[in-house]
Every structure is written in structure tokens, then in C-alpha cells.
Amino acid sequence: EPTKLWGGRFASGPAEAMAALSLSTHFDWRLAPYDIAGSRAHARVLHRAGLLTAEELDRMLAGLDQLAADVSSGAFQPVIDDEDVHTALERGLLERVGVELGGKLRAGRSRNDQVATLFRMWLRDANRRVAAGVLDVVDALVAQAEKHPDAVLPGRTHLQHAQPVLLAHHLLAHCQALLRDVQRLRDWDARTAFSPYGSGALAGSSLGLDPQAVAAELGFDGAVDNSIDGTASRDFAAEAGFCLAMIGVDLSRVAEEVIIWNTAEFRYVTLDDAWATGSSIMPQKKNPDVAELARGKSGRLIGNLTGLLSTLKAQPLAYNRDLQEDKEPVFDSVEQLELLLPAMAGMLGTLTFHTDRMAELAPAGFTLATDIAEWLVRQGVPFRVAHEASGACVRTAESRGIGLDELTDAELAAAHPALTPDVREVLTVAGSIASRDAHGGTAPQRVAEQRERVAAAARQH
Ligand code: ARG
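Residues numbered from 1 in each chain as written. Predicted model: local features only at pLDDT ≥ 70, side-chain atom pairs only at ≥ 80, totals over all residues.

- Where an unreviewed UniProt entry is consulted, the chain appears under the name Argininosuccinate lyase, with the organism given as Saccharopolyspora rosea.
- According to UniProt, the comment filed for the chain under the heading Subcellular location (unreviewed entry) is "Cytoplasm". (UniProt positions renumbered as here; feature names shortened; annotations may be inferred.)

### Quick look at the pairing of strand β1 (residues 152–157)
Okay, step 1: When β1 meets strand β2 (residues 160–166), the two strands line up antiparallel, connected through six bridges. Note on β2: the bridge partner recorded for valine 152 is leucine 166.
Okay, step 2: Hairpin connection between β1 and β2: a loop of two residues separates the two successive antiparallel strands, and histidine 158 in this loop has a positive phi of roughly 55°. (Pairing = 2+ DSSP bridges. Helix = DSSP H or I, 4+ residues; strand = E, 2+ residues; numbered from the N terminus.)

### Topic: helix α3 (residues 32–48)
Okay, step 1: Across its 17 residues, α3 extends 24 Å between first and last C-alpha, which sits within 8% of the 24 Å expected from 1.5 Å per residue.
Okay, step 2: Buried within α3 we find Ala32, Tyr34, Asp35, Ile36, Gly38, Ser39, Ala41, His42, Ala43, Val45 and Leu46.
Okay, step 3: After α3 finishes, the residue glycine 50 shows a positive phi value of roughly 80°. (Expected span 1.5 Å × (residues − 1). Buried ≥ 20, exposed ≤ 12 C-beta atoms within 10 Å, placed from the backbone.)

### Observations concerning the nonpolar core
Okay, step 1: Among the nonpolar cores identified, the biggest contains 101 residues, and Val134, Val137, Val138, Val152 and Met344 are the most heavily contacted of them.
Okay, step 2: Here this core gets 18 residues from one element, more than from any other, and that element is helix α7 (residues 111–147).
Okay, step 3: When sequence neighbours within four positions are dropped, the list of residues in contact with methionine 344 reads Val137, Leu251, Val290 and Ala294.
Okay, step 4: The next biggest cluster of nonpolar side chains, apart from the first, holds 16 residues, and it includes Leu376, Cys393, Leu412 and Ala415. (Core = buried A, V, L, I, M, F, W, Y, C linked by C-beta atoms within 7 Å. Contact = placed C-beta atoms within 7 Å.)

### Thoughts on the environment of glutamine 160
Okay, step 1: On the secondary structure map, glutamine 160 appears in strand β2.
Okay, step 2: Separated by 207 residues in the primary sequence, glutamine 160 and threonine 367 have C-alpha atoms spaced 9.7 Å apart.

### Topic: the domain arrangement of the chain
Okay, step 1: Per the domain assignment, the segments of the chain are domain 1 (16–107), domain 2 (112–152 + 167–208 + 225–356) and domain 3 (361–460).
Okay, step 2: One C-alpha centre belongs to domain 2, the other to domain 3, and the line joining them spans 38 Å.
Okay, step 3: With 14 residues of domain 2 at the contact, the number on the domain 3 side is 13 residues.
Okay, step 4: At the level of elements, α7 and α8 (167–192) are the ones that each hand at least two residues to the side of domain 2 that touches domain 3.
Okay, step 5: Looking at the side of domain 2 that touches domain 3, the element that brings in the most residues is α7, giving six residues. (Domains from an automatic or database assignment.)

### Let's talk about helix α4 (residues 54–73)
Okay, step 1: Here α4 is 20 residues long and its end C-alpha atoms lie 29 Å apart, about the 28 Å a rise of 1.5 Å per residue gives.
Okay, step 2: Residues Met60, Gly63, Leu64, Leu67, Ala68 and Val71 constitute the buried set of α4. End-on, the buried residues of α4 take up no more than an arc of 145°, which puts them together on one face. Of the exposed residues in α4, the ones pointing more than 90 degrees away from its buried face are Ala54, Glu55, Ala62, Ala69, Ser72 and Ser73.
Okay, step 3: The inward-facing, buried residues of α4 abut α3, α5 (85–97) and α6 (99–102).
Okay, step 4: The first or second residue beyond α4 is glycine 74, which carries a positive phi of 90°. (Arc of directions from axis to C-beta.)

### A word on unusual backbone geometry
Glycine aside, a negative phi is what most residues show, and trans is what most peptide bonds show.
Okay, step 1: Put simply, leucine 317 and alanine 318 share a cis peptide bond, and its omega is 0°.
Okay, step 2: For alanine 318, the location among the structural elements is in the loop between α12 (289–312) and α13 (327–349).
Okay, step 3: Backbone geometry at leucine 159 places phi at a positive 65°, although glycine is not the residue there.
Okay, step 4: Along the polypeptide, leucine 159 turns up in the loop between β1 and β2.
Okay, step 5: Overall, leucine 159 belongs to the exposed group, with 7 C-beta atoms counted inside 10 Å.
Okay, step 6: One non-glycine residue with positive phi stands out, namely alanine 314, at about 70°.
Okay, step 7: For alanine 314, the position within the fold is in the loop between α12 and α13.

Structure below.
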């Protein structure tokens with residue numbers, strides 16, 4: 001006789017296709033340890049409300065301990081007749097403590113408040129793991145920045161050479177975004193740390209239970225203020241979906257650069273063998289699959305977020321079964337990141353940077369033109385005029401097929417009378433980089449300070 005949590009008013013059981021559609025144990029079983037933790041807390045408040053004797057409470061808790069052990073060993077598993085994780089665990093409890101005592105635990109709770117609570121608990125733990133994985137990627141980038149304090153590359157806008165920057169500055173830019181992603185998960189957690197347990201189906205409990213006590217026992221900051229909101233809201237899931245998608249998108253931006261840097265045309269980096277793959281037909285190939293999977297999975301994470309938002313849109317309060325569709329997308333986003341983050345950390349941490357190649361390209365494309373203009377501004381020339389003069393230098397150099405630093409003194413003076421040979425101090429990549437020494441700039445000292453702050457922030461989390 002299968003244990004169903006309902007059935008009193010039904011003359012027959014569900015049709016096969018009805019049961020198949022309803023089934024969720026294949027994905028919500030991972031909530032089982034949290035469901036049991038919720039049951040422990042619930043048993044205690046039932047006892048305090050006078051609905052379980054001390055002896056019953058002891059037997060109930062012992063039964064739940066046994067069930068928890070059997071779930072974690074795999075000795076107890078859901079069967080096909082168990083509609084969901086809650087149904088399966090109720091069956092497990094009844095098998096261990098008997099129908100009479102086991103049947104008392106359901107008083108004052110509903111799967112609606114249970115699942116809303118367990119999903120929050122699972123996600124809070126999962127997002128802490130994800131945050132740790134993001135910080136490992138940050139660590140890998142910081143280590144590369146530390147290893148290459150002086151390396152330069154042509155900084156780009158529109159993917160075109162723009163101004164030379166330190167490689168460390170560029171890598172730390174990715175770290176800044178990733179640290180915000182971690183910070184965002186923390187902010188999310190503070191909003192998610194409220195327990196719906198005790199909301200019942202939607203209206204709250206009449207049995208003198210204490211939702212705040214359950215919340216505290218389950219590690220929440222408090223119980224939700226509104227039982228309808230507690231059972232019907234899933235903005236915590238959507239926001240988590242966004243936080244995870246944003247991580248995917250930020251990783252995809254690093255990944256795209258690695259893919260480009262690894263081409264024969266760029267030759268900025270070589271991938272470590274352990275973090276690359278070969279081709280089944282072309283023996284010479286060494287492909288940046290980690291980075292490509294990062295790029296690809298970011299699309300999947302965006303899809304999970306938009307799918308979830310679409311599920312939530314226009315659902316009337318309170319609980320609707322549509323909400324069972326809330327879990328898989330978020331579970332999937334977590335799962336994908338748990339695969340991706342260690343691989344990204346491994347790939348980035350083991351990249352070899354060809355700093356000679358990057359240094360050679362840093363001045364190419366007249367990346368020092370802005371430095372000429374700004375040098376003139378420091379001599380009192382209006383920027384509009386300075387911009388024109390520097391442009392004239394570029395035109396001359398381009399027509400002669402030389403770099404800006406190779407212009408003769410006469411050619412410089414022809415572009416603007418104030419352009420004396422002293423301008424040559426900024427006509428080197430190192431001079432240009434050193435001159436950008438305001439807070440947040442690419443000057444070596446500023447970048448070293450930034451690296452310290454990033455490393456400290458990563459340690460702090
Ligand atoms: N499995 C459901 C979910 O994930 C919880 C059960 C609520 N079911 C119900 N018929 N009220 O949302």
C-alpha cells in the first residue's frame with residue numbers, strides 16, 4: 001500500500017500519466033537531508049506546543065536520525081509511487097516509527113511551506129560552494145598578476161589596439177567583476193535567510209507552533225513575515241538564477257579572451273596540456289575547450305534564468321503547482337558552475353603568457369597617440385588642438401610605415417611647435433603606463449596596490 005500524502009477524498013488512485021507528470025523525486029531527492037532537518041525542528045515545536053509527548057519526541061528524533069543515516073548510505077531511496085521527496089521521506093519515517101507516531105509529524109505543515117524552506121536551505125549552501133569556486137578563479141588570476149607584475153599588452157577598445165596596459169591590470173579587471181559576483185551572492189543570502197516553515201499551505205498554522213524557533217534551528221535569521229508570501233514567492237530563486245548567470249557571463253568574457261589569445265594570430269598564451277583537448281582527425285590541434293565550454297554554458301545559465309522568470313510570470317498567489325518547475329533550472333545552473341569553476345581556475349592558473357610577444361605588439365597601432373596629446377596638454381595646449389596635432393603625427397608615421405617613436409624631431413615640431421623632443425619620455429610603452437598613476441590606473445604602483453586589495457578581499461570572503 002503506497003504512502004500518499006492525500007487520498008482520503010479520492011475513490012481511485014491517479015492515472016499512470018498523471019503520476020508520471022507529477023513525479024519530482026528524480027530532482028528533488030537532493031533536498032532530502034534538508035527535509036529531515038526541517039522535520040527535526042518541526043517535531044520539537046510540536047512537542048513544545050503540547051502535541052507530542054517527550055517520549056514521542058525522542059522516538060520521532062531517533063526515527064529521523066535513522067532515516068537520515070539510511071538516506072545518506074543509500075539504503076533508503078524513493079520508489080516510483082513516491083510523488084516527491086516529502087512523500088518518500090514520510091513513508092520512510094512511517095516504516096521506522098510506525099504509522100501512529102509518524103502520522104503526527106504532518107500536523108501544522110504543508111509541502112508548500114516545506115519545499116519553499118528546503119529549496120532556500122539547499123540554495124544557501126550551494127551558493128556558498130559556488131562563491132568558493134569563484135574565489136578560486138580569482139586566486140588563479142591574482143597569481144598570474146603576481147607572476148607578471150611588469151608584463152604589458154595592447155589594451156583594446158572595439159577589439160582594436162587602444163592604449164598599452166599592464167597584463168596584471170587587465171587580469172585584475174576580471175577579478176573585480178568576479179569579486180562583485182561573490183559579493184552579490186552574499187547580498188542575496190541576507191535576503192534569502194528567512195524561513196517559510198510554519199506558513200502551512202498558505203495561511204499559517206493554528207496549532208500554536210513557533211516558526212521563529214524552527215527558523216533559528218534551521219540556520220535562518222528569522223521566519224518570513226507573511227505566510228502567503230512565504231509559500232508563493234520565488235524571487236530568491238530567480239535572483240539566485242541571475243547571480244549564477246552573471247557568474248557565467250563574467251567567466252565567458254575571460255574565456256573569450258583566452259580563446260582569442262590562444263590563436264596563431266595572437267600567440268599571447270599557451271594552454272597547459274592538462275587543460276586543453278585534441279582533435280580526433282587533426283593531430284596538431286590543441287583546443288581551448290574549457291574556455292569554449294565556459295562560453296557555451298553561459299548561454300545555458302541565461303536560459304535557466306529566463307525560463308524560471310517565465311514560469312513565475314503572472315502566477316496568482318499563493319502556491320501553484322507551476323512552482324515545482326522552479327528547482328531544476330537553478331539546480332542545473334549550480335551544477336554547471338560546479339563543473340566549470342574548477343576547470344576555469346585550473347586553465348587560467350596554468351596559462352603560459354608570451355610576454356615578449358605582447359610587449360612587441362603593445363605600441364603597435366599607434367597606441368601612444370593619446371600620450372602625445374596629453375603631454376601637449378601638460379604643456380598648456382588645449383586638448384582639441386593637442387588631439388589634432390597627435391593625429392597629424394599618426395598620419396605622418398602611418399604614411400612612412402614607422403612607429404610614433406621613430407618620428408624625427410622635425411616631423412614632431414611640424415605637427416605642433418610645442419612638440420619638442422622631450423615628448424619622447426612618454427613615447428615608450430613603459431613611460432605611457434607609468435604616467436597613468438591616478439587611482440584605478442594602470443601604473444605599476446597603482447596596480448600592485450590594487451592586487452593587494454583584491455587578494456585581501458578574496459581572503460576575507
Ligand atoms: N513537489 C512540490 C514542489 O516542488 C511540492 C508539493 C506541493 N504540492 C502540492 N500539490 N501542493 O513545489
